[in-house]
Structure formats: C-alpha cells, structure tokens
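If you want the building blocks of each chain, they are given just below.
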Amino acid sequence: DAGITQSPRHKVTETGTPVTLRCHQTENHRYMYWYRQDPGHGLRLIHYSYGVKDTDKGEVSDGYSVSRSKTEDFLLTLESATSSQTSVYFCAISEFPGQGVHEQYFGPGTRLTVT
Amino acid sequence: AQSVTQLDSHVSVSEGTPVLLRCNYSSSYSPSLFWYVQHPNKGLQLLLKYTSAATLVKGINGFEAEFKKSETSFHLTKPSAHMSDAAEYFCVVSDPGGSSYKLIFGSGTRLLVRP
C-alpha cells in the first residue's frame, strides 16, 4: 500500500465550526488531491496540489480551502462547516504526470459528520 | 469534456459465476482508463489500468478489462466470482487538462456475490 495516512479518521462537528483534515504521504509524490465521496456521485475532486504552495480548485471547491507547506502534507479546511459537507473525504497522491499513465493512490478516508 | 458512465448501479451474481461490470466513456483525447475497487469502509485500490499498449488489460485478483474504441467501452470482467469480490467498483477516466491529470469517476457499481 502507498504510504498515505489521513487524520482524523472520524470526526463529528457542529455547524459553523472550522475543521481541518490532514493528509500525510511518505512517497515523495508531487501531486496530492482531496476528494469527497457521496452516495450516487462516485468521488468528486475538491482541490489538488501540484507542488509545495501550488494548489488549484476542483469541481466542488466552494466552502473548502487547502494548504501545502511541505511535500508530504496536504491540509483541507472547512472554514465554517455545514451539514452538506457531511461526507467521506479521501486524499490521493500521484507522481509527476509526465508521459505514461497517471494513476492515483488513495488514503483510507476520513468520515466527517456535521450536525 | 471527459465523462464516464457505469451502466449498472448494482450487480448480483452467484459465487463461481462470471462477473461483468459495464462502463462507457466519453473522451476527446486518447483516454487513460482505470478500474478501482472499494471494499466496505476502506479506501480505493487500483484494479487495473489501460495504457494503450494492449486493448485487453489484466489486473489483480483475476479481473480484466477490454478497451473497445469503436464502442467507447471499458467493461470489467472476471470468469468466476469469489465472495471476497463483493465491493463497489469505479470506472475512471483521466482528464489530461491544465496543470494536472484529473480523474473523472463513474458513480460506481456495487457487486453482490451470493453464496
């Protein structure tokens, strides 16, 4: 298994509170991604990073921010959590997408419940 | 824009019988295609990937998929289902746009294996 950990693995929080999820990798891969998984939607990209301090938005970025100060860590922050952000969040990593096939490797997920 | 459609949300088979999970894609590029598997309360694991080197791709645990450009399909098959194959399966296409190779997920097919 790729060396990807996510913390916390489970969290329950109240509406309006800030929440930060952490993804840590030991593979030294350049690219990191945050997805959310909801029934019937597969996985949807929230934000991704293509290097330290280099990030960009995915298809469902509203209400989320990210930061990457080190190669190995990628943080996802919900500035003010809402019930619609109740979901399972997955982090993924991939090597620099030069020539070839660009598979991603996934962490174990964080289950977030916003009450 | 790239997209992927998984034609069945649920598939039920008996142990020992063949498995067929259907996937159609839409792509204006020469696509990279993947199948991922997710066991209950686990992260996603790469089953196989299409690299354009061969249209029949073999993956882990006896699964294989055939890329058919004329039909824009990438169906996943296995000759004989095991109880341990019960999981959710995602067909994924890579979108080589911008500064990252994003993954576009299908909505998933849940495979049930009956004893």
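Residues numbered from 1 in each chain as written. Chains lettered and ligands numbered in written order. Predicted model: local features only at pLDDT ≥ 70, side-chain atom pairs only at ≥ 80, totals over all residues. Heavy atoms only, no water.

A. Main features of the overall build of chain A. Tallying secondary structure elements over chain A gives zero helices and eleven strands in all. Counting from the amino terminus, chain A carries its helices and strands in the arrangement β-β-β-β-β-β-β-β-β-β-β. Expected size for 115 residues packed as a compact globule is a radius of gyration near 13 Å; at 13 Å, chain A falls within 12% of this value. For chain A, the spread of C-alpha atoms along the three principal axes comes to 45 × 30 × 25 Å. Classification of the 115 residues of chain A by burial places 50% in the buried group. (Helix = DSSP H or I, 4+ residues; strand = E, 2+ residues; numbered from the N terminus. Rg over C-alpha atoms; globule rule 2.2 N^0.38 Å. Buried < 20%, exposed > 50% of the residue type's maximum accessible area, 1.4 Å probe, protein only.)

B. Looking closely at the interface of chain A and chain B. Taken together, the contact between chain A and chain B spans 23 residues of the former and 22 residues of the latter. With its nearest N and O atoms 2.7 Å apart, the salt bridge here joins Lys49(B) to Glu103(A). For the pair chain A and chain B, the number of links is three residue pairs in polar contact (both at pLDDT 80 or more). Among the secondary structure elements, those contributing two or more residues to the side of chain A that touches chain B are strand 4 (31-37), strand 5 (43-51) and strand 6 (54-57) of chain A. (Contact = heavy atoms within 4.5 Å. Salt bridge = Lys/Arg side-chain N within 4 Å of Asp/Glu carboxyl O. Polar contact = N/O pair within 3.5 Å; in protein donor to acceptor, adjacent residues only side chain to side chain.)

C. Layout of the environment of Arg30(A). All names here are of chain A. Looking at the secondary structure, you find Arg30 in the loop between strand 3 (19-25) and strand 4. By relative accessible area, Arg30 is classed as partly exposed at 38%. From its side chain, Arg30 meets the backbone oxygen of Tyr50 in a polar contact 2.6 Å long.

D. Quick peek at the environment of Gly109(A). Residue and element names in this part refer to chain A. Topologically, Gly109 is positioned in the loop between strand 10 (105-106) and strand 11 (110-114). Spatially, the C-alpha atoms of Gly109 and Val88 are 6.3 Å apart, while their sequence positions differ by 21 residues. For Gly109, the residues in contact, after removing those within four places along its chain, are Gln6, Arg9, Tyr89 and Phe90.

E. Structural detail: the packing of aromatic side chains. Per the counting criterion, the structure on display carries 16 aromatic pairs over all chains. Members of the aromatic cluster, connected to one another through ring pairs, are Tyr31(A), Tyr33(A), Tyr35(A), Tyr48(A), Tyr50(A), Phe106(A), Phe34(B), Tyr36(B), Phe90(B) and Phe105(B). (Phe/Tyr/Trp six-rings, centres within 6.5 Å; stacked < 30°, edge-to-face > 60°.)

F. Representation of the state of the cysteines in the model. Residues and elements named next belong to chain A. Tallied over the entire structure, the rule returns two disulfides over all chains. Disulfide pairing is shown between Cys23 and Cys91; the S-S distance is 1.9 Å. Handedness here is read from the sign of the S-S torsion; for Cys23 and Cys91, about -70 degrees, the answer is left-handed. Of this pair, Cys23 sits in strand 3 while Cys91 sits in strand 9 (residues 87-94), and the two are 68 residues apart along the sequence. Cys91 carries the same exposure label as Cys23, and that label is buried. (Disulfide = S-S within 2.5 Å.)

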